[in-house]
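# Survey of secondary and tertiary structure
As a plain string of letters, each chain reads:
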Amino acid sequence: MKVNFGGIIPLSTVDWPGRAAMVVFLRGCPLHCPHCHNSQLQTGERQVALHDISSRIVSEVKGFRGPSRAMVRADAAISALPGRPPLIAPVRSSPTRQIELDEASQRASDKPFVDALVLSGGEPLLQPEASSRLFRLARSLHLSTGLETSGCFPDRLGAILATGLVDRVFLDIKADLQEPDYEMAVGRENISVLVRQSLEVGLKSEVTLEVRSTVFPEMPSSSQLERIAGALFRLKSVYPNNRLERMTLQQGQPRNGEAPFDPVSVDMMQKMAEGCRAASHGQLEVRVHATPKITWEN
Ligand code: SF4
């Protein structure tokens with residue numbers, strides 16, 4: 001199986017706060033957000049064999065020193081891939097002192113530093129089969145699993161959540177869930193209804209859900225963010241078993257090649273967060289995630 005592949009960040013502490021996550025980016029996205037944070041992944045083709053990506057994930061997670069028990073488990077998990085070569089080459093062993101040391105070292109590497117795998121993009125659900133298989137691989141490596149999605153494929157989201165392979169969904173809500181606001185944020189018509197459906201799919205399921213809104217100077221405005229928070233508050237009572245953990249306001253930064261702009265200040269974002277908390281009658285945890293501005297003293 002081939003995957004339209006974007007790349008891998010071996011270790012991120014940003015994508016899943018509190019976790020040391022490997023982030024795998026899948027290429028391609030049906031939306032055209034004007035401030036796309038990964039515009040180089042919006043389009044294009046780079047077809048890579050799933051087996052090669054899987055091998056790289058295992059090597060990055062475990063530190064390749066030969067096949068550990070975890071790698072054997074991972075190999076078994078992806079062995080269903082048609083026509084793939086074995087992930088782990090057969091190893092000849094001999095009862096020497098050196099091999100005992102290698103085994104001891106390998107056992108130490110069985111405690112990986114990375115403890116989660118996040119699929120991002122692009123839009124991972126553009127490639128639902130590849131997403132499922134990568135999550136299955138992550139499970140075999142005992143990693144927690146997170147999915148970053150724009151919410152434009154509610155049916156596919158429901159299907160992958162039904163497999164039980166996803167621990168956490170990071171759902172982007174880029175503007176008030178109505179047109180034409182949403183069209184301005186994502187560059188395509190009639191996406192707000194799909195995002196709302198995805199939100200309800202996430203709330204209905206038992207997956208832990210984090211809603212993220214990236215704040216740029218022109219949008220979403222404070223009142224738009226408060227309407228998103230109000231909608232979350234109302235839907236939480238419709239789906240009382242939901243596991244909506246928080247709403248995160250992310251500070252939008254100019255991307256490479258984009259005309260520079262001053263990001264919304266942290267003070268302003270804190271005020272926006274307070275407005276969101278009030279709009280949810282204090283029922284919603286709202287977090288601000290901003291890049292600190294460092295002033296160096298000479
Ligand atoms: S949804 Fe994400 S990847 Fe797709 S265009 Fe928007 S910012 Fe870019």
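Everything discussed here concerns the structure shown above.
Read on for an overview of the structure. (Residues numbered from 1 in each chain as written. Predicted model: local features only at pLDDT ≥ 70, side-chain atom pairs only at ≥ 80, totals over all residues. Heavy atoms only, no water.)

With that out of the way, let us pick up the environment of Arg56. Here Arg56 is to be found in helix α1 (residues 50-62). Residue classification places Arg56 among the partly exposed positions, given a relative accessible area of 35%. Taking the C-alpha atoms as reference points, Arg56 and Pro10, 46 residues apart in sequence, are found 9.7 Å from one another. The residues contacting Arg56, other than those within four sequence positions of it, are Phe5 and Ile8. (Helix = DSSP H or I, 4+ residues; strand = E, 2+ residues; numbered from the N terminus. Buried < 20%, exposed > 50% of the residue type's maximum accessible area, 1.4 Å probe, protein only. Contact = heavy atoms within 4.5 Å.)

Here the focus is the site of the ligand. Residues in contact with the ligand, as listed here, are Cys29, Leu31, Cys33, Cys36, His37, Gln42, Gly122, Ser150 and Lys174. Looking at the shell around the ligand residue by residue, the class counts come to 4 nonpolar, 4 polar and 1 charged. (Near = heavy atom within 4 Å. Nonpolar A, V, L, I, M, F, W, Y, C, P; charged D, E, K, R; others polar.)

With mixed pairing, the 9 strands of this open sheet are ordered in space as β3-β1-β2-β4-β5-β6-β7-β8-β9. The open sheet has two free edges, formed respectively by β3 (47-49) and β9 (286-289), since each of these has just one partner strand. Between one strand and the next, the sheet's axes are offset by a mean angle of 30°, whatever the strand orientation. Here strand β1 (residues 2-12) pairs with β3 via 3 bridges, running antiparallel. The partner of Val3 across the bridge, within β3, is Val48. (Pairing = 2+ DSSP bridges. Axes fitted to C-alpha atoms, helices over the stretch in contact; angles between N-to-C directions.)

Our next topic: the packing of aromatic side chains. Inspection of the entire model under this criterion finds 2 aromatic pairs. Note on Trp16 and Phe170: the rings are 5.8 Å apart at their centroids and 75° apart in plane angle, and the pair reads as edge-to-face. Highlighted residues: Trp16 in the loop between β1 and β2 (21-26) and Phe170 in strand β6 (residues 168-172), separated in sequence by 154 residues. Under the relative-accessibility criterion, Trp16 is labelled buried at 6%. Between the aromatic rings of Phe216 and Phe261, the centroid separation amounts to 6.2 Å while the plane-to-plane angle is 70°, which identifies the pairing as edge-to-face. Taken together, the residues span a long stretch of sequence, with Phe216 in the loop between β7 (208-215) and α8 (222-238) and Phe261 in the loop between β8 (244-251) and α9 (266-279) at a distance of 45 residues. A relative accessible area of 13% means that Phe216 is categorised as buried. Above the ring of Phe153, the side-chain terminus of Arg156 is found at 4.3 Å from the ring centroid. (Phe/Tyr/Trp six-rings, centres within 6.5 Å; stacked < 30°, edge-to-face > 60°. Lys NZ or Arg CZ within 6 Å of the ring centre and 35° of its normal.)

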